[in-house]
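For reference, the chains in residue letters:
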Amino acid sequence: MDLGLEGRVAFVSAAGKGIGLAIARALAAEGARVAIAARTEEDVKRAAQELNGHGVAADLLTAAGCRAAVEETEQVLGPIEILVNNLGTRAGSSWADTGHEQFSAALAGNLLPAVGLTELVLPAMRNRKWGRVVVIASIWGREAGGAPAYNAAKAAEISFTKSLAREVAADGVTVNCVAPGSILWEGGGWDRRQKADPDGIREFVEREMPLGRFGRPEEVADLVAFLCSSQAALVNGACIPVDGGQSRSNI
């Protein structure tokens, strides 16, 4: 299927590795002109070279970093037509180590960069009458579970997505959310846990993962690429899990 992304300018945050890099690869494979951003310059430049795209080293946890990344991308590639908000950080792991500081940090590392980047590119998308915004949340935003502050921040991203989607749909801009389950990639969180406790992780997979395996970044990326396409024009304000049945929510 031709997704109609040839020549579109796409920006993917936190795309030096893992899910973000897989999304950037999927968009580039469809002919999009891709810019990626991350804090580590080495990761950004290496990935951008692979994609034949543009890499921006920036601290997206700050408003200034978001603005600099968007401005550089648009100077090099042109107006951003596709925005994928992939940046996400954790703060705390349970109520034993979570309080006001951790909730503030989780919002600052998840919701606020998505809001900051979106508000920078949205006016021009609306003026052009075409745009795609995708937010990478988590199944632990659709239902209770995981670290409390992270759970709340991801739920906030989903709420942001739905509210904004209704506001901008008439201008040809869609806003959707993807909620990955447990995704394994080399160097990622589940990879580290698996190496540290292989028996415990094997039991977790048998108990929690109906497919009997972790998900792969490419499986998330394929859905994101479709949501950015013209064929997905009616999909707006959705939050779609990519988890192999791991989550238990009925909605």
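Residues numbered from 1 in each chain as written. Predicted model: local features only at pLDDT ≥ 70, side-chain atom pairs only at ≥ 80, totals over all residues. Heavy atoms only, no water.

1. Some remarks on the overall build of the chain
Working step 1: In terms of regular secondary structure, the chain is built from ten helices and seven strands.
Working step 2: Since a compact globule built from 251 residues should have a radius of gyration of about 18 Å, the 17 Å found for the chain is in line with a globular shape.
Working step 3: Its C-alpha atoms give the chain principal-axis dimensions of about 50 × 40 × 35 Å.
Working step 4: When burial is assessed residue by residue, the chain has 51% of its 251 residues classed as buried.
Working step 5: For the chain, long-range pairs separated by at least 24 residues make up 69% of all intrachain contacts whose partners lie at least 6 apart in sequence.
Working step 6: A total accessible area of about 11700 Å² is found for the chain, and carbon and sulfur atoms account for 52% of it.
Working step 7: Distance between charge centres in the chain, computed from 25 positive and 30 negative side chains, equals 3 Å. (Helix = DSSP H or I, 4+ residues; strand = E, 2+ residues; numbered from the N terminus. Rg over C-alpha atoms; globule rule 2.2 N^0.38 Å. Buried < 20%, exposed > 50% of the residue type's maximum accessible area, 1.4 Å probe, protein only. Contact = heavy atoms within 4.5 Å. Areas by Shrake-Rupley, 256 points an atom, 1.4 Å probe, with all protein chains shown as cover. Lys, Arg positive; Asp, Glu negative; His and termini not counted. Charge placed at Lys NZ, Arg CZ, Asp CG, Glu CD.)

2. A few points about the side chain of Asn 110
Working step 1: Topologically, Asn 110 is positioned in the loop between helix 4 (100–109) and helix 5 (111–128).
Working step 2: Given the relative accessible area of 0%, Asn 110 is considered buried.
Working step 3: Polar contacts involving the side chain of Asn 110 include one to the main-chain carbonyl oxygen of Ala 106, which spans 2.7 Å.
Working step 4: For Asn 110, the residues in contact, after removing those within four places along its chain, are Leu 87, Gly 88, Thr 89, Tyr 150, Ala 153, Lys 154 and Glu 157. (Polar contact = N/O pair within 3.5 Å; in protein donor to acceptor, adjacent residues only side chain to side chain.)

3. Notes on the sheet that holds strand 4 (residues 82–85)
Working step 1: Pairing within the open sheet is parallel, and its seven strands lie in the order 3-2-1-4-5-6-7. The outermost strands of the open sheet, each flanked by one partner alone, are strand 3 (54–57) and strand 7 (239–242). Taking the axes of each pair of neighbouring strands and ignoring which way they run, one obtains an average angle of 20 degrees across the sheet.
Working step 2: In terms of strand pairing, strand 6 (residues 173–180) meets strand 7 through four bridges, oriented parallel. Residue pairing in the sheet places Val 178 in a bridge with Ile 240 of strand 7.
Working step 3: Along the sheet, helix 1 (residues 18–29) contacts strand 1 (9–13), strand 2 (33–38), strand 4, strand 5 (131–136) and strand 6; its crossing angle with strand 1, the most-contacted strand, is approximately 170 degrees.
Working step 4: Each of strand 4, strand 5, strand 6 and strand 7 touches helix 10 (residues 217–227); the most contacted strand, strand 6, lies at about 170 degrees to it. (Pairing = 2+ DSSP bridges. Axes fitted to C-alpha atoms, helices over the stretch in contact; angles between N-to-C directions.)

4. Quick notes on the pairing of strand 1
Working step 1: For strand 1, the tally of buried residues reaches five of five residues, placing the bulk of the element in the interior.
Working step 2: Burial of the side chains of strand 1 extends over both faces: Val 9, Phe 11 and Ser 13 are buried on one face and Ala 10 and Val 12 on the other.
Working step 3: Looking at chain direction, strand 1 and strand 2 are connected through five bridges and run parallel. What sits directly across from Ser 13, in strand 2, is Ala 37.

5. As for the nonpolar core
Working step 1: The biggest cluster of nonpolar side chains holds 35 residues, and the ones touching the most others in it are Ile 23, Leu 27, Ile 36, Val 178 and Val 224.
Working step 2: Listing elements by their share of this core, those giving two or more residues are strand 1, helix 1, strand 2, helix 2 (41–51), strand 4, strand 5 and helix 10.
Working step 3: Per element, the largest residue contribution to this core is seven residues, and it comes from helix 1.
Working step 4: The residues contacting Leu 27, other than those within four sequence positions of it, are Leu 5, Ala 10, Val 12, Ala 32, Val 34, Ile 82, Val 84, Ala 225 and Cys 228.
Working step 5: Ranked by size, the runner-up nonpolar core spans 31 residues in total, among them Leu 83, Leu 87, Val 121 and Val 133. (Core = buried A, V, L, I, M, F, W, Y, C linked by side-chain atoms within 4.5 Å.)

6. Points about unusual backbone geometry
Working step 1: One non-glycine residue with positive phi stands out, namely Ala 14, at about 50 degrees.
Working step 2: Inspection of the secondary structure puts Ala 14 in the loop between strand 1 and helix 1.
Working step 3: One non-glycine residue, Asn 52, lies in the positive phi region at around 55 degrees.
Working step 4: You can see Asn 52 is positioned in the loop between helix 2 and strand 3.

7. Thoughts on the packing of helix 4 against helix 7 (residues 148–168)
When two helices pack together, their arrangement is captured by the angle between the axes and the distance separating the axes.
Working step 1: At a closest axis distance of 8 Å, the pairing of helix 4 and helix 7 adopts a crossing angle of 40 degrees. Here helix 4 is positioned oblique relative to helix 7, judged by the angle of their axes. Crossing angle aside, the handedness with which helix 4 passes helix 7 is right-handed. Along its contact with helix 4, which presents Gln 102, Phe 103, Ala 106 and Leu 107, the element helix 7 presents Pro 148, Ala 149, Tyr 150, Ala 152, Ala 153 and Ala 156.
Working step 2: Taken together, the residues of the contact of helix 4 with helix 7 sort by class into nine nonpolar, one polar and no charged. (Parallel < 35°, antiparallel > 145°, perpendicular 65-115°, else oblique. Left-handed = near helix turned anticlockwise from the far one by under 90°. Nonpolar A, V, L, I, M, F, W, Y, C, P; charged D, E, K, R; others polar.)

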